[in-house]
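So you can see what is in the structure, the chains are spelled out below.
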Amino acid sequence: MRATAFSGQVVTLILALAPFSVAAEKADRQQTLRMSSKQFVQEGPQDANTRVLEGDVLITQGSMRITAEKAIVKETPAGVTAELFGSSTSQITFRQKREGTSDFIDASADRAEYDDKSGTLKLFSRVRFKSGNDVADSEFMQYNSTTEKMELRNQIPGAKPKTGADDGRVVFEVQPRAADGKPAPAKKN
C-alpha cells in the first residue's frame, strides 16, 4: 500500500493504531544516557551545561543509538536535549528496538533534535524512516517514543516547499501483512 500527502499538507500517524506501527522499547527510558565522540568541548562556565561533541558522535540509551558528526548537548534539571548534525558525506542515524519484538526502528536525516525527557526525536531534510519492511520518506519527521506518535511533513516547518521529481510528497510503503499480523514475505517483481 502506498499513501501520499500533497504539498502543504501534514500527515500524522498514531502508530499504535496503524499498520505501520512502531513502539520503542519502554525499558530504554530507564537506562543511562551515554554520549561519546572524538572531541569534547565545554561551552561557557561549568554550570552552563552545554557541551559540543565532534567527530563520530554516539549517543546511546538502552537499545537506542544515535550517530552524528557533531552534537550540541544541553543538560538541564528537566533532562538532556541535543541538536545533531551530519556531515557532507554522512547523515544522522537513529536506531531503537521495537517493544516486544526483535525488530528495530531505523531512521536517517541531515539534522536532528533529540529531547530525552519527552522522548521526542525531530529529523530534518532527506528523512528516511524504516520499521521492518515498511518505509517512509519525507523532509521532516517528528517521532515521540512515549506517545508512539509520528508526524511526517513534505517540508521542514517554516521552510520554503521543496520542488522536484517527487512533487513534494510524503511517501509511505507499507508491506502486506500475513493473517497473523506479521509482515508477509516481500514479493519479487
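For clarity, every value in this text was computed on a predicted model and none was experimentally measured. Positions within a chain are numbered from 1, following the residues in the order the chain's sequence is written. Totals for whole chains, interfaces and linings use all residues, but because this is a predicted model, local features are given only for residues with pLDDT of at least 70 and pairs of side-chain atoms are given and counted only at 80 or more. Side-chain measures were taken over the full set of non-hydrogen atoms in the model, leaving aside hydrogen atoms and water.

A. Looking closely at unusual backbone geometry. In the Ramachandran plot, serine 125 falls in the positive-phi region, its phi being about 70° despite a non-glycine side chain. Every helix listed is a DSSP run of H or I at least four residues long, and every strand listed is a run of E at least two residues long, numbered separately from the N terminus. With respect to the secondary-structure elements, serine 125 resides in strand β11 (residues 120-131). Judged by its relative accessible area of 18%, serine 125 falls in the buried class. Here's how the labels work: a residue is buried when its accessible area is under 20% of the maximum for its type, exposed when over 50%, partly exposed in between, all with a 1.4 Å probe on protein chains only.

B. Spotlight on the pairing of β11. Each pair of strands is called paired provided DSSP finds at least two bridges between the two strands. Examined bridge by bridge, strand β9 (residues 104-109) and β11 share four bridges and lie antiparallel to one another. Its bridge partner lying in β11, aspartate 106 is registered against lysine 130. Of the strand pairs in this sheet, strand β10 (residues 111-115) and β11 are connected by five bridges, and their pairing is antiparallel. What sits directly across from aspartate 115, in β11, is threonine 120. The hairpin turn running from β10 into β11, its antiparallel successor, is four residues long, and glycine 119 in that turn takes a positive phi close to 70°. Relative to strand β12 (residues 134-144), β11 is paired through ten bridges, and the arrangement is antiparallel.

C. Broad picture of the pattern of salt bridges. We define a salt bridge as a side-chain nitrogen of Lys or Arg found within 4 Å of a carboxyl oxygen belonging to Asp or Glu. By the definition in use, this model includes eight salt bridges. A salt bridge links arginine 51 to glutamate 75; the shortest N-O distance between them is 3.5 Å. Here the residue arginine 51 occupies a position in strand β5 (residues 50-61), and glutamate 75 occupies one in strand β6 (residues 64-76), the gap between them amounting to 24 residues. For glutamate 75, a relative accessible area of 37% translates into the label partly exposed. With its nearest N and O atoms 2.5 Å apart, the salt bridge here joins arginine 153 to glutamate 151. You can call arginine 153 partly exposed: its relative accessible area is 26%. For glutamate 151, a relative accessible area of 15% puts it in the buried group.

D. Region of the structure containing the packing of aromatic side chains. The pairing test for Phe, Tyr and Trp rings, Trp by its six-membered ring, is centres within 6.5 Å, and the orientation test on the planes gives stacked under 30 degrees, edge-to-face over 60, and tilted for anything in between. The tally for this structure, following the rule as stated, stands at three aromatic pairs. Through a chain of ring-to-ring contacts, three or more aromatic side chains come together here, namely Phe94, Phe129 and Tyr143. For a lysine, the NZ atom is tested; for an arginine, the CZ atom; a charge sits over a ring if that atom is within 6 Å of the ring centre and within 35 degrees of the ring normal. Lying across the ring of phenylalanine 104, arginine 95 places its NZ or CZ 4.0 Å from the centre. Note that arginine 111 overlies the ring of phenylalanine 124, its terminal NZ or CZ placed 3.9 Å from the centroid.

E. Summary view of the environment of leucine 33. For leucine 33, the position within the fold is in the loop between β2 (10-14) and β3 (34-36). C-alpha of leucine 33 to C-alpha of aspartate 116: the two residues are 83 residues apart in sequence and 8.6 Å apart in space. Note on definitions: a residue-residue contact is assigned when non-hydrogen atoms from the two residues lie within 4.5 Å. With near-sequence residues (within four places) excluded, leucine 33 lies in contact with Ile59, Thr60, Gln61, Met64, Val80, Tyr114 and Asp116.

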